[in-house]
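Structural overview
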Amino acid sequence: MTVRAALLEGARLLEDAHVPAPRLTAEVLLSHALRKERIYLYSHSTEELSELAWLHYGRYLHERLSGRPTQYITGRQEFYGREFTVSADVLIPRPETEHLVDAALRLWPEGGRAVDVGCGSGAIAITLAAERHLRVWATDISLAAVRVAADNALRLGAEVEFTCCDLLAGFAGRTFDLVASNPPYVSCEDRGGLQREVRDYEPPAALYAGSTGNEIYERLIHDSERT
């Protein structure tokens, strides 16, 4: 099967299954199977797929059709112009969160100390550190998430100091000029209304805050008053 035929077949399968953006998803998955950039699909459209590439592509399509998010299949997600490694241990960074970064950069005083609470993949903390060329602190209750974030910081050359703790518990007596966070905010009662990609695959600790969805915000505001 040629690259073009494989792309068309993948897009058709995804469209029939009502997967959002089927053509783009097929391009991303086929590129990942070939270990090439997406432009390669069009500059080599008549090239025959190797058996190994076809096996990989078929597996990726099956995973996506089963509901697994594309980002967890490829292990990558772009955020603020940088490519982050993601895994099932961290929430997938959303484009909307870039607005949080924009606001934080406007509010962050020159030379001030900033902390990202519940850092997940490290997208917020790393972006702040890279944009300002300053050290940023970051926390997460999940050690697995901290490891993902630390690897991202090292690869992207951002100066971020990570602490595994609950909210700001690891910073008693220390002060910060900016506290940034995108904490869990989904009520446990609303779990059934989430997309299956979110509900079945993203880490529950990064999604659910409690019975109202405001519990983490309330705790974080209380903790922030002491920093």
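First, a word on scope: everything that follows refers to the structure included in this document. (Residues numbered from 1 in each chain as written. Predicted model: local features only at pLDDT ≥ 70, side-chain atom pairs only at ≥ 80, totals over all residues. Heavy atoms only, no water.)

Okay, the sheet that holds strand S3 (residues 114-117) next. If you trace the four strands from one edge of the open sheet to the other, you get S5-S4-S3-S6, paired in parallel fashion. For this open sheet the edge positions go to strand S5 (160-164) and strand S6 (178-181), each flanked by a neighbour on one side alone. Between one strand axis and the next, the sheet turns through 20 degrees on average, direction left out of account. Across the sheet, helix H7 (residues 123-132) is in contact with S3, strand S4 (136-140), S5 and S6; its angle to S4 comes to roughly 175 degrees. (Pairing = 2+ DSSP bridges. Helix = DSSP H or I, 4+ residues; strand = E, 2+ residues; numbered from the N terminus. Axes fitted to C-alpha atoms, helices over the stretch in contact; angles between N-to-C directions. Contact = heavy atoms within 4.5 Å.)

Turning to the nonpolar core, a few remarks are in order. Residues Trp-108, Leu-128, Val-160 and Phe-162 are the most contacted members of the largest nonpolar core, which totals 24 residues. Elements that contribute at least two residues to this core include exactly helix H6 (97-107), H7, S4, helix H8 (143-156), S5 and S6. Here this core gets six residues from one element, more than from any other, and that element is H7. The contacts of Leu-128, once residues within four sequence positions are left out, are Val-101, Ala-104, Leu-105, Trp-108, Val-136 and Ala-180. Counting 19 residues, the second largest nonpolar core, distinct from the first, contains Val-3, Leu-30, Tyr-40 and Leu-61. (Core = buried A, V, L, I, M, F, W, Y, C linked by side-chain atoms within 4.5 Å. Buried < 20%, exposed > 50% of the residue type's maximum accessible area, 1.4 Å probe, protein only.)

Our focus in this paragraph is the side chain of Glu-27. Considering the arrangement of structural elements, one finds Glu-27 in helix H2 (residues 22-34). Sequence-distant contacts of Glu-27, that is, excluding residues within four places in its chain, are made with Leu-7, Arg-38, Leu-41 and Tyr-42.

A few words now on helix H1 (residues 3-16). Its 14 residues give H1 an end-to-end C-alpha distance of 20 Å, which sits within 8% of 20 Å, the value for a rise of 1.5 Å per residue. Of all the positions in H1, only Val-3, Ala-6, Leu-7, Gly-10, Ala-11 and Leu-14 are classed as buried. Buried residues of H1 fall within an arc of 130 degrees about the axis and therefore sit on the same side. Within H1, the exposed residues directed more than 90 degrees away from the buried face are Arg-4, Glu-15 and Asp-16. Among the structural elements, H2, helix H3 (39-43) and helix H4 (51-65) are those in contact with the buried residues of H1. (Expected span 1.5 Å × (residues − 1). Arc of directions from axis to C-beta.)

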